[in-house]
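# Report on the structure
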Amino acid sequence: YKYFPDEPLWPFGFGLSYTDFKLQVLSGPVAQVPQQGGGAGKDYAVLKLQVENVGKMAGDEVVLAFFRPLPGTLPSTSRAAKIRKQLFDFRRVGLQAGEKSDTLYFFVRASTFAVHADNGDEVSYAGSYEVQLTNGLQVETVRVDVVAAAALQPVVLDAWTPTESNDDPMLVI
């Protein structure tokens with residue numbers, strides 16, 4: 001579903017269960033992270049979520065964490081701008097009927113939202129991203145703002161270097 005433009009019939013992570021779950025974000029609706037770490041401040045934000053089994057049976061639930069860049073964050077001409085949502089983390093919890101989970105922690109850094117530029121570099125763009133925490137039925141969202149480290153965007157996290165030789169055993173043609 002990374003590039004799929006329509007609404008899927010069965011969303012990724014959708015599954016049948018003998019019980020029902022409720023998701024609740026315990027952190028605020030907006031978080032901020034610096035584009036590059038370093039200095040005295042922390043370079044991450046913590047998104048907190050709690051899962052409650054509101055059904056009558058015990059069951060397991062998987063919470064998926066996706067991100068999507070909000071409009072204006074990535075250049076519209078970039079291939080990466082076509083990303084609809086991208087999975088970056090997940091948690092699985094088993095709960096008895098009526099039980100609430102311990103707090104689930106999702107740590108996000110600017111590198112969590114890294115994309116590949118058209119030249120192959122892994123890059124970070126300052127801007128706003130939507131994090132979707134979902135079990136396939138319920139979606140809770142948090143906006144994460146990546147605060148610019150430099151005026152020149154994007155910041156290259158990992159430069160792509162082409163292979164020097166076609167004799168490289170890892171090269172797939």
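Here's a quick rundown of the structure. The structure displayed is predicted, hence computed values, not measured ones.

### Regarding the pairing of strand β2 (residues 30-34)
Of the two faces of β2, the one holding A31 and V33 is buried and the one holding V30, Q32 and P34 is not buried anywhere. Pairing between β2 and strand β10 (residues 139-147): 5 bridges, direction parallel. Bridge pairing in β10 places V33 opposite V146.

### A word on the side chain of Q132
Looking at the element boundaries, Q132 is found in strand β9 (residues 127-134). On the accessibility criterion, Q132 (12% relative accessible area) is buried. A polar contact is formed between the side chain of Q132 and the side chain of E130, at a distance of 2.9 Å. Aside from chain neighbours lying at most four places away, what touches Q132 is L64, A65, F66, R68, K85, V139, E140 and T141.

### Re the sheet that holds strand β6 (residues 104-108)
Strand order in this open sheet of 3 strands is β1-β3-β6, and the pairing throughout is antiparallel. The outermost strands of the open sheet, each flanked by one partner alone, are β1 (21-25) and β6. Sheet twist, expressed as the average angle between the axes of neighbouring strands with direction ignored, equals 25°.

Parameters at a glance
Residues numbered from 1 in each chain as written. Predicted model: local features only at pLDDT ≥ 70, side-chain atom pairs only at ≥ 80, totals over all residues. Heavy atoms only, no water. Buried < 20%, exposed > 50% of the residue type's maximum accessible area, 1.4 Å probe, protein only. Helix = DSSP H or I, 4+ residues; strand = E, 2+ residues; numbered from the N terminus. Pairing = 2+ DSSP bridges. Polar contact = N/O pair within 3.5 Å; in protein donor to acceptor, adjacent residues only side chain to side chain. Contact = heavy atoms within 4.5 Å. Axes fitted to C-alpha atoms, helices over the stretch in contact; angles between N-to-C directions.

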